[in-house]
Amino acid sequence: MVIGAVVLLPRVEHGIARDSKLTAVERRHAAGDRLHLDPAPFDAFLAQLAPRGRYAVDVPPGQRGPFITRGAVVRAYAAFYFLPAIQVRRAPLVFHYRFR
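This write-up is about the structure you can find in this document. (Residues numbered from 1 in each chain as written. Predicted model: local features only at pLDDT ≥ 70, side-chain atom pairs only at ≥ 80, totals over all residues. Heavy atoms only, no water.)

1. A look at the pairing of strand 1 (residues 54–58)
Next up, step 1: Where strand 1 lies against strand 2 (residues 86–87), 2 bridges are found, and the strand directions are parallel. Bridged to Tyr 55 within strand 2 is Gln 87.
Next up, step 2: Taking the sense of rotation as the criterion, the β-α-β connection linking strand 1, helix 4 (residues 70–81) and strand 2 turns out right-handed.
Next up, step 3: Where strand 1 and strand 3 (residues 94–96) come together, 3 bridges link them in parallel fashion. From the neighbouring strand, Ala 56 faces strand 3, where its bridge partner is Val 94. (Pairing = 2+ DSSP bridges. Helix = DSSP H or I, 4+ residues; strand = E, 2+ residues; numbered from the N terminus. Right-handed = clockwise from strand over helix to strand, strands pointing away.)

Right under this line is the structure:
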């Protein structure tokens with residue numbers, strides 16, 4: 001699955017960049033904006049990550065939505081946003097996110 005994402009993601013990004021009216025920054029933050037997540041912590045942490053580096057996520061559960069908690073949403077979004085880095089349960093590098 002990871003290999004598929006690494007191969008497919010650049011193709012998808014190229015198509016979106018070619019056909020989108022959004023700027024590169026707006027495209028990068030579009031999903032997080034829809035989820036009402038603050039982009040600043042994600043951008044700051046991304047600057048510290050190496051490709052294929054391992055990181056953990058520290059986020060409180062937050063409110064429960066119809067299906068999952070806000071914390072689970074942040075974990076899932078982080079896994080996507082920080083690609084090709086790898087999210088693990090424990091790592092020396094930890095992404096901390098707190099809800100506004």
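So that's the structure; there's more coming.
2. Notes on the sheet that holds strand 3
Next up, step 1: Pairing is parallel in the open sheet, where 3 strands are placed in the order 2-1-3. Strands at the two margins of the open sheet, each flanked by one partner only, are strand 2 and strand 3.

3. Side note on the environment of His 36
Next up, step 1: Checked against the element boundaries, His 36 lands in the loop between helix 2 (24–34) and helix 3 (39–46).
Next up, step 2: Overall, His 36 belongs to the exposed group, its relative accessible area being 63%.
Next up, step 3: Spatially, the C-alpha atom of His 36 lies 9.8 Å from that of Phe 99, the residues being 63 residues apart in sequence.
Next up, step 4: Ignoring any residue separated from it by four or fewer positions in sequence, one finds His 36 in contact with Arg 70 and Arg 100. (Buried < 20%, exposed > 50% of the residue type's maximum accessible area, 1.4 Å probe, protein only. Contact = heavy atoms within 4.5 Å.)

4. Side note on the packing of helix 3 against helix 4
Next up, step 1: In contact at an axis separation of 11 Å, helix 3 and helix 4 are set at 45 degrees when each is read in the N-to-C sense. In this view, helix 3 runs oblique relative to helix 4, as classed from their interaxial angle. Here helix 3 and helix 4 pass one another in a crossing that is right-handed. Residues Phe 42, Asp 43 and Leu 46 of helix 3 lie in contact with helix 4, whose contacting residues are Val 74, Tyr 77, Ala 78 and Tyr 81.
Next up, step 2: Among the residues forming the contact of helix 3 with helix 4, the class breakdown is 6 nonpolar, no polar and 1 charged. (Axes fitted to C-alpha atoms, helices over the stretch in contact; angles between N-to-C directions. Parallel < 35°, antiparallel > 145°, perpendicular 65-115°, else oblique. Left-handed = near helix turned anticlockwise from the far one by under 90°. Nonpolar A, V, L, I, M, F, W, Y, C, P; charged D, E, K, R; others polar.)

5. Quick word on the environment of Leu 46
Next up, step 1: You can see Leu 46 is positioned in helix 3.
Next up, step 2: The partly exposed category is assigned to Leu 46, whose relative accessible area is 29%.
Next up, step 3: Beyond its immediate sequence surroundings of up to four residues, Leu 46 is in contact with Tyr 81 and Phe 82.

6. A short note on the pattern of salt bridges
Next up, step 1: Using the criterion set out here, one finds 1 salt bridge in the structure.
Next up, step 2: For Asp 58, the salt bridge identified is with Arg 98, shortest N-O distance 2.7 Å. One end of the pair, Asp 58, is in strand 1; the other, Arg 98, is in the segment after strand 3, with 40 residues separating them in the sequence.
Next up, step 3: Relative accessible area serves as the criterion here: at 47%, Arg 98 is assigned to the partly exposed category. (Salt bridge = Lys/Arg side-chain N within 4 Å of Asp/Glu carboxyl O.)

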